Amino acid sequence: MISPIMSASAWGGGHMNEHLSDEELLRYSRQILLSQIDVDGQLRLKGSRVLIVGLGGLGSPVALYLAAAGVGELHLADFDSVDMSNLQRQIAHDTKSIGRSKVDSALARLGALNPQVTLRPHRQALDADSLAAAVAAVDLVLDCSDNFTTREAVNAACVAARRPLVSGAAIRLEGQLSVFDPRREDSPCYHCLYGHGSEAELTCSEAGVVGPLVGLVGSLQALEALKLLAGFGEPLVGRLLLIDAFGSRFRELRVKRDPGCAVCGNGADA
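Here's what I pulled together on the structure shown here. All values reported here derive from a predicted model rather than from experimental measurement.

**Re the overall build of the chain**
Then comes step 1: Looking only at helices and strands, the chain has 11 helices and 8 strands in total.
Then comes step 2: Expected size for 270 residues packed as a compact globule is a radius of gyration near 18 Å; at 18 Å, the chain falls within 12% of this value.
Then comes step 3: If one aligns the C-alpha atoms of the chain with their principal axes, the spans along those axes are about 50 × 45 × 40 Å.
Then comes step 4: Out of the 270 residues belonging to the chain, those deemed buried represent 49%.
Then comes step 5: Within the chain, residue pairs in contact and separated by at least 24 positions form 68% of the contacts whose partners lie at least 6 positions apart.
Then comes step 6: By element, 53% of the accessible surface of the chain is carried by carbon and sulfur atoms, the whole surface being about 12700 Å².

If you want it as structure tokens, here you go:
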């Protein structure tokens, strides 16, 4: 069993009610029945704060499942608006949301799903300072963005603030998933794995993607987040999960921390 993430506001400051109401016990009863979660794990979820960067194909299932699971506070970051072409895979939005801010669309959907969850909007693009503040204000970050520049910036902010990062990606019929936890000395970061990357990589709008694949990757991201927050199972730290949707195959690669990494290693001090 892994150690749960201890929310500063929930556990150190004592701002969380250390009990579950009858309504909460009923709402979350199926996961409370799991010995790996139980009431204590549900209380940890209730006291947790999570930042979701991107409310598209990955961020939609992430936000829906974390809200449904009772994560106490969700910070939603996306500067884009809903487009007709999004609806094939971005299940937090609907036809009536076209032209609306993705954050506002998600606020309405998540509020209807679980009004007990606190929702914090970030409607503008996060620059270096605002991203650092947004990451420092939460216990865990999920990168659901679709471009390398954002992923690198989110990773650097998580390393600086020592916040766990659940990173997912999907394009065409291929998906990837990993967890980077700077609190652990053996954990690599996103930069250890991908280096400086390439801005030439294609986006879904250029290469295409099948809807259920982003749903699968996003659901796995939500699961990894719940494991870290409630403190159960084995997270994907030091492991990269590769998903081949065409052949319905999963493959796992071991990823080691790079001592000379420019973000988390000795190269960061150079």
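Structure's up, so let's keep going.
**Thoughts on the packing of aromatic side chains**
Then comes step 1: On inspection of all chains with the given rule, the structure shows 3 aromatic pairs.
Then comes step 2: Taking 6.1 Å as the distance between ring centres and 85 degrees as the angle between the ring planes, the aromatic pair formed by Phe180 and Tyr190 counts as edge-to-face. Taken together, the residues Phe180 in strand E6 (residues 174-180) and Tyr190 in helix H9 (residues 190-194) connect sequence positions 10 residues apart. Across the pair, exposure class does not vary: Phe180 and Tyr190 are buried alike.

**Observations concerning helix H8 (residues 148-161)**
Then comes step 1: Under the 1.5 Å per step criterion, the end-to-end length of H8 is 20 Å for 14 residues, consistent within 8% with the ideal 20 Å.
Then comes step 2: Every buried residue of H8 is listed here: Phe148, Arg151, Glu152, Val154, Asn155, Ala157, Cys158 and Val159.
Then comes step 3: Residues of H8 that are buried in the fold lie against strand E1 (49-53), helix H7 (128-136), strand E4 (140-143), strand E5 (165-171) and H9.
Then comes step 4: Phi for Arg162, located one or two positions after H8, is positive at around 55 degrees.

**Overview of the pattern of salt bridges**
Opposite charge on two side chains makes pairing possible when the charged atoms of those side chains draw close.
Then comes step 1: Enumeration over the complete set of coordinates arrives at 11 salt bridges.
Then comes step 2: Ionic pairing is found between Glu224 and Lys227, a salt bridge with its closest N-O pair at 2.8 Å. Here Glu224 and its partner Lys227 are both found in helix H11 (residues 211-230), 3 residues apart, which amounts to about one turn of the helix. With respect to burial, Glu224 and Lys227 carry one shared label: buried.
Then comes step 3: Each of Glu234, Arg239 and Glu252 takes part in one network of salt bridges that share partners.

**Description of a nonpolar patch on the surface**
Then comes step 1: Judged by side-chain polarity, Leu173, Val210 and Phe246 come together as a nonpolar surface patch covering roughly 290 Å² of accessible area.
Then comes step 2: One can find Val210 in the loop between helix H10 (204-207) and H11.
Then comes step 3: The partly exposed category is assigned to Val210, whose relative accessible area is 32%.

**A closer look at the nonpolar core**
Then comes step 1: Counting residues in hydrophobic clusters, the biggest one holds 43 residues, and the most contacted among them are Val50, Ile52, Leu66, Leu74, Leu140 and Leu142.
Then comes step 2: Here this core takes 9 residues from H11, the largest share from any one element.
Then comes step 3: What Leu66 contacts, discounting residues up to four positions off in sequence, is Val50, Ile52, Val71, Leu74, Leu142, Ala222, Ala225 and Leu226.
Then comes step 4: Of all hydrophobic cores here, the second largest spans 15 residues; its members include Leu51, Val53, Leu131 and Tyr190.

**Re the packing of helix H5 (residues 59-69) against helix H6 (residues 102-113)**
Then comes step 1: In contact at an axis separation of 9 Å, H5 and H6 are set at 30 degrees when each is read in the N-to-C sense. Taken together, the axes of H5 and H6 lie roughly parallel to each other. Between H5 and H6 lies a crossing whose hand is right-handed. In this structure, H5 uses Ala63, Leu64, Ala67 and Ala68 to contact H6, whose residues at the interface are Arg109, Leu110 and Leu113.
Then comes step 2: The residue makeup of the contact of H5 with H6, split by class, is 6 nonpolar, no polar and 1 charged.

**A word on the side chain of Ser105**
Then comes step 1: Summarising the element assignment, Ser105 is placed in helix H6.
Then comes step 2: A distance of 3.0 Å separates the side chain of Ser105 from the side chain of Ser97, its partner in a polar contact.
Then comes step 3: Sequence-distant contacts of Ser105, defined by excluding residues within four places in its chain, comprise Val82, Ala92, His93, Ser97 and Arg100.

**Examining the pairing of strand E7 (residues 239-244)**
Then comes step 1: Counting buried positions over the 6 residues of E7 gives 5, a clear majority of the element.
Then comes step 2: Looking at chain direction, E6 and E7 are connected through 4 bridges and run antiparallel. Paired with Gly175 across the bridge in E7 is Ile243.
Then comes step 3: Across 6 bridges, the pairing between E7 and strand E8 (residues 249-254) is antiparallel. Directly across from Arg239, in E8, lies its bridge partner Arg254.
Then comes step 4: Connecting E7 to the next strand, E8, in antiparallel fashion are 4 residues, including Ser248 with a positive phi near 55 degrees.

Rules used in this analysis
Residues numbered from 1 in each chain as written. Predicted model: local features only at pLDDT ≥ 70, side-chain atom pairs only at ≥ 80, totals over all residues. Heavy atoms only, no water. Helix = DSSP H or I, 4+ residues; strand = E, 2+ residues; numbered from the N terminus. Rg over C-alpha atoms; globule rule 2.2 N^0.38 Å. Buried < 20%, exposed > 50% of the residue type's maximum accessible area, 1.4 Å probe, protein only. Contact = heavy atoms within 4.5 Å. Areas by Shrake-Rupley, 256 points an atom, 1.4 Å probe, with all protein chains shown as cover. Phe/Tyr/Trp six-rings, centres within 6.5 Å; stacked < 30°, edge-to-face > 60°. Expected span 1.5 Å × (residues − 1). Salt bridge = Lys/Arg side-chain N within 4 Å of Asp/Glu carboxyl O. Patch = residues over 30% accessible without salt bridge, like charges linked within 9 Å, V, L, I, M, F, W, Y side chains within 5 Å. Core = buried A, V, L, I, M, F, W, Y, C linked by side-chain atoms within 4.5 Å. Axes fitted to C-alpha atoms, helices over the stretch in contact; angles between N-to-C directions. Parallel < 35°, antiparallel > 145°, perpendicular 65-115°, else oblique. Left-handed = near helix turned anticlockwise from the far one by under 90°. Nonpolar A, V, L, I, M, F, W, Y, C, P; charged D, E, K, R; others polar. Polar contact = N/O pair within 3.5 Å; in protein donor to acceptor, adjacent residues only side chain to side chain. Pairing = 2+ DSSP bridges.

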